[in-house]
Amino acid sequence: MKAIEVKNLKKEIGTLRIEGLNFTVPQGRIVGLVGENGAGKTTTIKLMMDVMEKDEGEVLFFGKTLNKAIKEEIGVVYDEINFYEKINAIKIDKVLKGIFQSWDSDKYFQLLDRFKLHKSQLLGNYSKGMKMKLNIIIGLAHSPKLLILDEPTSGLDPSARMEMLDLFLEFIQNEEHSILISSHITNDLERIADYIVMIHDGKIILQLDKDELLYKYGIIRCSEKQLQYIPKNVIFAYHKTNSLCEVVIKDAPGMKEAYPELTIDGLSIDDMMAIYIKGEK
Ligand SMILES: Nc1ncnc2c1ncn2[C@@H]1O[C@H](COP(=O)(O)OP(=O)(O)OP(=O)(O)O)[C@@H](O)[C@H]1O
C-alpha cells in the first residue's frame, strides 16, 4: 500500500518550475525530501495538500485523492508557524477538539509534558523552537496515519532535534504509519529516512533507498587527468577546482574492484548535493 503517490506534479510559480515530479511514500516508511533553499520542497508539499493549485498532475493518499476524511488521517507540519500569540496550549486543545474527530487530548498533554512546554504560557512568549515543538505535537495529537513534515527540526537545538527524531521513529513503529519529511539538515535524514528523494530547481535528481545511496555512491578526489579515466556512465556529478576534481560516482563497489589504485571514499547526502549543485553533470 502506498501512503502517498505523486504523479507528474507540475507547477510554475515565480522563478520556480516544478517539472513533473513522480515519487511515492510506501506505507510504514520514512521518505526524506532533500534540496537546498528554494529547491521547491515547501511548494511541493503545498501542492500535494491542495494549499496551492497544481498546473498538472495527481496526488493520491492511500490510493485516493485528498478529501475531508483523508485530511483527518494526515498530520501536516509546515515550517512557518502562525499561532495566535494571545492564547495558550490549553486553549489550543479546546479549539482542535472541536475540529478533529480523532483529536487525542491525553496524547496532546502527555507530549506537552514530555517536551516540557508550559501549558498556560501565552504562545507569544514561546521561543521559536518551542513553537515548532508545539506544531509537531499538534500534528501528532490527532492520531494521523501519515505525517508530512516541512523542515520540522530546523529551529531546534541538537538535543531537541534528537528527541524529535526519536518521536518520529516511535510513530513509525506502527506499520500503518508513514512519514514524508523535508529537510536540508541531511544528518537527520541519514538517521531516520528509509528513502531519499533529492530535488533541485523543481526537478528530482535522485531517488533511492538511503542505505543503497550511502553504500553504492562514493567520492573520488583526483586530478583532472585521472578524471578522464573514470567511465562517464558511473559519474553522477563532478566539481573541478584549480587542482582537484571531486567526482561522485554511482557504483563505488564495482569501481573499487576495477580501479584498486583509486581512493574511493564514502559520502554523505550533503557532499552529494553540494557537488551536484556547484558542479557539472
Ligand atoms: N507564492 C509564490 N510566489 C512567487 N514565487 C514563489 C511562491 N512560492 C514559491 N515561489 C518560488 O519557489 C521557490 C521555492 O520555494 P520553496 O519554499 O518551495 O523552497 P524550499 O525548497 O522549501 O526552500 P527552503 O529550504 O528555503 O524552505 C522560491 O524561491 C520562489 O522563487
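Residues numbered from 1 in each chain as written. Predicted model: local features only at pLDDT ≥ 70, side-chain atom pairs only at ≥ 80, totals over all residues. Heavy atoms only, no water.

## Some points on the sheet that holds strand 2 (residues 16–26)
Condition: At least two DSSP bridges between two strands are needed for those strands to be called paired. Only DSSP runs of H or I covering at least 4 residues are called helices, and only runs of E covering at least 2 are called strands; the numbering of each starts at the N terminus. For helices, the axis comes from a line fit to the C-alpha atoms of the stretch in contact; other axes are also lines fit to C-alpha atoms, and the angle between any two N-to-C directions lies between 0 and 180 degrees.
Across the sheet, which stays open at both edges, the three strands sit in the order 2-1-4 with antiparallel pairing between neighbours. One side of each edge strand has no neighbouring strand; the edge strands of this open sheet are strand 2 and strand 4 (56–61). The sheet shows a mean angle of 15° between the axes of neighbouring strands, direction not considered. Bridge count for strand 1 (residues 2–13) against strand 4 is five bridges, and the pairing is antiparallel.

## What about the site of the ligand?
Counted only if it meets this: A molecule or strand has a residue near it when one of that residue's heavy atoms lies within 4 Å. Polar contacts, as counted here, are pairs of nitrogen or oxygen atoms within 3.5 Å of one another; within protein the pair requires one atom able to donate a hydrogen and one able to accept it, and residues that are adjacent in sequence qualify only if both atoms are side-chain atoms. Accessible surface is estimated by sampling points in the Shrake-Rupley manner with a 1.4 Å probe; for residues, cover comes only from the protein chains shown. Under the grouping applied here, Gly and all other residues not named as nonpolar or charged are polar, the nonpolar ones being Ala, Val, Leu, Ile, Met, Phe, Trp, Tyr, Cys and Pro and the charged ones Asp, Glu, Lys and Arg.
Taken together, 15 residues lie near the ligand, and Gly38, Gly40, Lys41, Thr42 and Thr43 sit nearest. Take alanine 39: an N or O atom from its main chain is 3.1 Å from an oxygen atom of the ligand. The separation between an oxygen atom of the ligand and a polar side-chain atom of histidine 184 is 3.4 Å. Protein contacts shield 64% of the accessible area of the ligand, which totals 640 Å² for the unbound molecule. Per element, the largest residue contribution to the shell around the ligand is three residues, and it comes from helix 1 (residues 41–48). Across the shell around the ligand, the residue classes break down as three nonpolar, eight polar and four charged.

## Regarding the domain arrangement of the protein
How we decide: The start and end points of each domain follow an automatic or database-based domain assignment. Note on contacts: a residue pair qualifies if any of its non-hydrogen atoms lie within 4.5 Å across the two residues. Here's the idea: put two parts together, see how much 1.4 Å probe accessible area each one loses, and the total over both is what we call buried area. Criterion for a salt bridge: a side-chain nitrogen of Lys or Arg within 4 Å of a carboxyl oxygen of Asp or Glu.
Domain assignment breaks the protein into domain 1 (2–212) and domain 2 (217–278). Distance from the C-alpha centre of domain 1 to the C-alpha centre of domain 2: 34 Å. Each partner contributes residues to the interface: domain 1 has 13 residues there, and domain 2 has nine residues. Each partner contributes to the roughly 990 Å² buried at the junction of domain 1 and domain 2, and carbon and sulfur atoms together form 76% of this total. On the domain 1 side of the interface with domain 2, the three residues burying the most area are Thr186, Met198 and Ile205, jointly 40% of the side's total. Summed over the shared surface of domain 1 and domain 2, the result is zero salt bridges. Taken together, the links from domain 1 to domain 2 amount to two residue pairs in polar contact (both at pLDDT 80 or more). Of all the secondary-structure elements, those providing two or more residues to the side of domain 1 that touches domain 2 are helix 7 (186–192), strand 8 (195–200) and strand 9 (203–209). Residues that form the side of domain 1 that touches domain 2 fall into these classes: six nonpolar, four polar and three charged.

## Considering the pattern of salt bridges
Which entries qualify depends on this criterion: Exposed residues in this analysis have more than 50% of their type's maximum accessible area, buried residues have under 20%, and partly exposed residues fall in between, with area computed by a 1.4 Å probe over protein chains only.
The tally for this structure, following the rule as stated, stands at 18 salt bridges. With a closest N to O distance of 3.6 Å, glutamate 19 and lysine 203 form a salt bridge. Taken together, the residues span a long stretch of sequence, with glutamate 19 in strand 2 and lysine 203 in strand 9 at a distance of 184 residues. Residue classification places glutamate 19 among the partly exposed residues on the basis of a relative accessible area of 33%. When the shortest N-O distance is used, the salt bridge between arginine 221 and glutamate 246 registers 3.4 Å. Separated by 25 residues along the polypeptide, arginine 221 in strand 10 (residues 218–222) and glutamate 246 in strand 12 (residues 245–249) bring together distant segments of the chain. Under the relative-accessibility criterion, arginine 221 is labelled partly exposed at 41%. One network of salt bridges, with partners in common, ties together Arg221, Glu246 and Asp265.

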